[in-house]
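Summary of structural features
Listed below, chain by chain, are the residues.
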Amino acid sequence: MALASGRRPWTFYALSAFFALFVLFLYGPMISLLILSFQGPSGALDFPLRHPSFIWFRAIVHPTGNGDIIGAFSRSLPLALIVMMLTMLISVTAGFAFRRRFHGSALLFYLTIASLIAPGLVLSIGILVMFRFLGLPATWYGSALGAHLSWTLPFGLLIMFSVLGRLDPSYEEAAHDLGAGRWRTVRDVVLPIVLPGIIAVALFGFTLSYDEFPRTWLTAGTKNTLPLEIWTMLTNVTSPVLYALGTVTTGFSFFLIAVALGSIVLIRRRRSARR
Amino acid sequence: MSGKSSWIPYLQVTPLVLVLLLFFVVPIALVVIVSFFRYQMLTGLTPAFTFASYLDFLSNPTTWWLYFSTLKFTLIVLVLTFVIGFWIAYFLVFHVRSLIIAMGLFLVCTVPFWTSDIIRMIAWRPVLGREGLINDALVSSGVVSHPLSWLLYSNFSVILAYVYLDTLFMIVPIFNSMARIDRALLEVAVDAGASRWAAIRDIVLPLSKTGIALGALFVVTLVMGDFFVINVMSGGLAGSAMTGMANDLQVLNYPRAAANAVILLVIVLLIASGIFRLVDVRRELVR
């Protein structure tokens with residue numbers, strides 16, 4: 001055991017090495033993709049890197065038979081933003097409901113879990129059939145949006161459970177006893193505690209939608225989202241433009257993660273400074 | 001809470017209920033209904049109540065082979081992700097003394113989760129390919145004379161990709177469970193003469209069972225419901241239970257695809273309810 005003090009046991013070193021290997025396993029391939037996206041015009045998909053250049057990044061913007069990446073992005077971004085907003089609103093309000101007893105709470109809980117574990121393709125078949133029956137076309141802003149919500153809401157709710165589990169009801173009672181109204185209690189007591197969790201819900205909502213493949217495949221209709229476009233490129237394109245695209249989207253994801261984590265840290269710091 | 005406000009929770013869950021009804025309950029019900037429809041080439045679907053699609057599906061030997069292969073992959077990936085996830089979480093919670101460093105390392109493990117799965121799979125190409133990094137290193141160091149061909153587009157690369165993509169789903173819940181374990185418990189056990197291994201087996205393992213159950217639930221459903229990792233990483237050579245469904249959809253045989261979907265859904269839900277019977281996940285989550 002690693003106790004509070006004393007010499008480190010040998011297991012510490014063994015597990016440290018194991019952890020380092022795991023991190024290498026996680027990031028190694030991504031780093032090699034990053035390096036090879038600067039491949040020269042020779043266009044080799046493997047190492048070594050020859051005559052480093054930016055030509056494959058330029059190829060993303062000027063599509064020459066590489067598919068419609070800009071168009072796909074212009075659908076994936078608003079879709080992810082809408083899913084993010086809805087996931088935030090719906091899972092935060094529902095999360096608060098679960099702090100009290102209500103009829104059907106167990107059923108709703110298991111329904112949410114079932115929605116989480118149902119295979120994405122199975123669900124997309126159902127959604128596609130439903131839209132056919134209704135005589136509606138499958139679109140990224142209709143059927144795909146709903147398919148994404150069935151996947152992001154369970155995640156949002158699970159995060160809200162863990163956040164609200166830390167919100168002791170006695171804080172609100174104390175605020176009430178001190179004469180705070182309901183709105184003031186929410187603003188000054190509840191919100192500062194749950195805000196980092198809400199940002200986490202937003203990050204999950206955005207990225208899960210932005211990267212989702214199985215639930216979009218059948219439901220997006222005729223216009224591709226970004227993951228669908230990359231999937232098509234996998235079979236058609238055999239140049240490092242795939243790596244360049246991977247570098248750009250990964251960079252975009254890292255930027256979002258940094259913004260989300262940065263704002264969580266900022267909120268925490270401001271809260272502790274006020275005390 | 002006062003009785004007057006008791007209708008509020010119902011109002012709060014209404015949006016969630018509506019979305020789940022519209023985009024989960026109704027679609028799944030439709031899949032079940034369509035699986036009993038009649039399918040004929042050229043004419044397409046006719047509403048009916050027939051088990052023809054189920055019989056057609058179950059009498060096909062490929063079905064059994066694909067399901068067997070999917071279960072095999074699921075089991076292997078489950079074991080690997082559990083072993084890796086458990087020790088990574090254990091290291092972070094019990095061996096890293098500074099909380100800030102532990103949280104930082106935890107984030108290092110979780111960041112890839114928020115990036116694209118497809119891109120992360122593509123990233124293995126220059127590593128595992130015939131002229132990839134590993135083969136280059138093996139050949140130039142003289143370990144092998146010819147590049148290994150089973151590194152990419154094989155069962156090996158499929159399992160590797162599953163472990164690569166899904167281990168995070170094990171680490172996060174197990175980490176959460178372990179972080180709640182009172183360290184004093186372990187100190188007492190060690191002081192009382194328990195070996196390090198006994199403390200892990202009798203204290204850490206039982207107390208992190210909720211996390212293990214949740215992680216297993218994630219990994220089982222991700223691997224069983226997958227068709228695109230296996231497609232990309234096996235180069236189209238291997239298939240999953242879902243591959244048959246995707247093929248049926250392309251020839252518009254919706255009833256057989258739906259029958260396959262229903263069977264897979266039943267298997268996944270049976271496994272999930274088995275896990276929930278072993279561990280009361282709900283009581284741990286909603287408190």
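Up top you'll find the structure we're talking about.
The paragraphs below set out a description of the structure included in this document. (Residues numbered from 1 in each chain as written. Chains lettered and ligands numbered in written order. Predicted model: local features only at pLDDT ≥ 70, side-chain atom pairs only at ≥ 80, totals over all residues. Heavy atoms only, no water.)

**A short note on a nonpolar patch on the surface**
- On the surface, a cluster of nonpolar side chains totalling about 220 Å² of accessible area is made up of I31(A), I35(A) and L49(A).
- Within the secondary structure, L49(A) sits in the loop between α1 (10-36) and α2 (55-61). (Patch = residues over 30% accessible without salt bridge, like charges linked within 9 Å, V, L, I, M, F, W, Y side chains within 5 Å. Areas by Shrake-Rupley, 256 points an atom, 1.4 Å probe, with all protein chains shown as cover. Salt bridge = Lys/Arg side-chain N within 4 Å of Asp/Glu carboxyl O. Helix = DSSP H or I, 4+ residues; strand = E, 2+ residues; numbered from the N terminus.)

**A few points about the nonpolar core**
- The biggest cluster of nonpolar side chains holds 192 residues, and the ones touching the most others in it are I125(A), F155(A), I122(B), M178(B), V204(B) and M233(B).
- Top element by residues in this core is helix α8 (residues 155-179) of chain B. It accounts for 15 residues.
- Leaving out residues up to four positions away in the same chain, V204(B) has contacts with F86(B), Y90(B), F94(B), M178(B), I181(B), L186(B) and A199(B). (Core = buried A, V, L, I, M, F, W, Y, C linked by side-chain atoms within 4.5 Å. Buried < 20%, exposed > 50% of the residue type's maximum accessible area, 1.4 Å probe, protein only. Contact = heavy atoms within 4.5 Å.)

**Looking at the interface of chain B and chain A**
- Between chain B and chain A, the contact holds 92 residues from the first and 99 residues from the second.
- Sorting the residues of chain B by area buried against chain A places F23(B), R97(B) and W114(B) first, and these three jointly supply 9% of that buried surface.
- Linking chain B with chain A are 0 salt bridges.
- The tally of links from chain B across to chain A stands at 5 residue pairs in polar contact (both at pLDDT 80 or more).
- For the side of chain B that touches chain A, the element with the most residues is helix α1 (residues 8-34) of chain B, which contributes 20 residues.
- Partitioning the side of chain B that touches chain A into residue classes produces 74 nonpolar, 11 polar and 7 charged. (Buried area = accessible area lost by both parts, 1.4 Å probe. Polar contact = N/O pair within 3.5 Å; in protein donor to acceptor, adjacent residues only side chain to side chain. Nonpolar A, V, L, I, M, F, W, Y, C, P; charged D, E, K, R; others polar.)

**Let's talk about helix α11 (residues 209-224) of chain B**
- Taking 1.5 Å per residue as the helical rise, α11(B) with its 16 residues ought to reach 22 Å, and the 22 Å between its terminal C-alpha atoms agrees with that figure.
- Counted residue by residue, α11(B) has 14 buried out of 16 residues, so it is predominantly covered. (Expected span 1.5 Å × (residues − 1).)

**Remarks on the environment of L167(A)**
Residue and element names in this part refer to chain A.
- Take L167: it is sitting in the loop between α6 (143-164) and α7 (169-177).
- Taking relative accessible area as the criterion, L167 reaches 2% and is therefore assigned buried.
- C-alpha of L167 to C-alpha of I193: the two residues are 26 residues apart in sequence and 7.2 Å apart in space.
- Those residues in contact with L167 that lie beyond four places of it in its chain are F96, R99, E172, V190, I193 and V194.

**Re the side chain of S53(A)**
Residue and element names in this part refer to chain A.
- Within the secondary structure layout, S53 lies in the loop between α1 and α2.
- Judged by its relative accessible area of 16%, S53 is buried.
- A distance of 3.2 Å separates the side chain of S53 from the backbone oxygen of Q39, its partner in a polar contact.

**Examining the side chain of R120(B)**
- With respect to the helices and strands, the residue R120(B) is situated in helix α5 (residues 117-122).
- Exposure remark for R120(B): the relative accessible area of 2% places this residue in the buried category.
- A polar side-chain atom of R120(B) sits 3.3 Å from the main-chain carbonyl oxygen of Y164(B).
- With residues near it in sequence (within four places) discarded, R120(B) still touches L26(A), M30(A), P112(B), T115(B), Y164(B) and L165(B).

**Brief notes about the packing of helix α4 (residues 105-117) of chain A against α6(A)**
Residues and elements named next belong to chain A.
- Closest axis-to-axis distance for the α4/α6 pair is 8 Å, and the angle between their directions is 125°. Here α6 runs oblique to α4, going by the angle between their axes. In the crossing of α4 with α6, the sense of the turn from one axis to the other is left-handed. Every residue of α6 that contacts α4 at F109, T112, I113, S115 and L116 is listed here: S150, W151, P154, F155, L157, L158 and F161.
- Residues belonging to the contact of α4 with α6 are distributed by class as follows: 9 nonpolar, 3 polar and no charged. (Axes fitted to C-alpha atoms, helices over the stretch in contact; angles between N-to-C directions. Parallel < 35°, antiparallel > 145°, perpendicular 65-115°, else oblique. Left-handed = near helix turned anticlockwise from the far one by under 90°.)

**Describing the environment of L160(B)**
- Relative to the assigned elements, L160(B) resides in helix α8.
- Setting aside residues up to four positions removed in sequence, L160(B) forms contacts with F25(A), W124(B) and L128(B).

**Here we look at helix α4 (residues 99-110) of chain B**
- With 12 residues, α4(B) extends 16 Å between its outermost C-alpha atoms, agreeing within 8% with the 16 Å of an ideal straight helix rising 1.5 Å per residue.
- Listed as buried for α4(B) are A102(B), F106(B), C109(B) and T110(B). Burial along α4(B) is one-sided: seen end-on, the buried residues are contained in an arc of 90°.
- Each element contacted by the buried residues of α4(B) is listed here: α1 of chain A together with α3 (61-95) and α8 of chain B. (Arc of directions from axis to C-beta.)

**Observations concerning the pattern of salt bridges**
- Taken as a whole and assessed by the stated rule, the structure comprises 9 salt bridges over all chains.
- In this structure, the salt-bridge partner of R187(A) is D188(A), at a minimum N-O distance of 3.2 Å.
- Overall, the relative accessible area of 36% leaves D188(A) in the partly exposed class.
- Taking the shortest distance from any N to any O, the salt bridge between R120(B) and D117(B) comes out at 4.0 Å. Of this pair, R120(B) and D117(B) both sit in helix α5, 3 residues apart, which is roughly one turn of that helix.
- With a relative accessible area of 28%, D117(B) lands in the partly exposed category.

**Re the packing of aromatic side chains**
- Under the counting rule described, the total for this entry stands at 50 aromatic pairs over all chains.
- The interplanar angle of 40° and the centroid separation of 5.2 Å between the aromatic rings of W217(A) and F227(B) together place this pair among those described as tilted. Of the two residues, W217(A) sits in helix α9 (residues 214-217) while F227(B) sits in the loop between α11 and α12 (228-233), which places them in two different chains.
- When the ring centre of F73(B) is taken as reference, the NZ or CZ atom of K72(B) above it lies at 5.5 Å.
- Taking NZ or CZ as reference, R120(B) lies 4.5 Å from the ring centre of Y164(B), over its face. (Phe/Tyr/Trp six-rings, centres within 6.5 Å; stacked < 30°, edge-to-face > 60°. Lys NZ or Arg CZ within 6 Å of the ring centre and 35° of its normal.)

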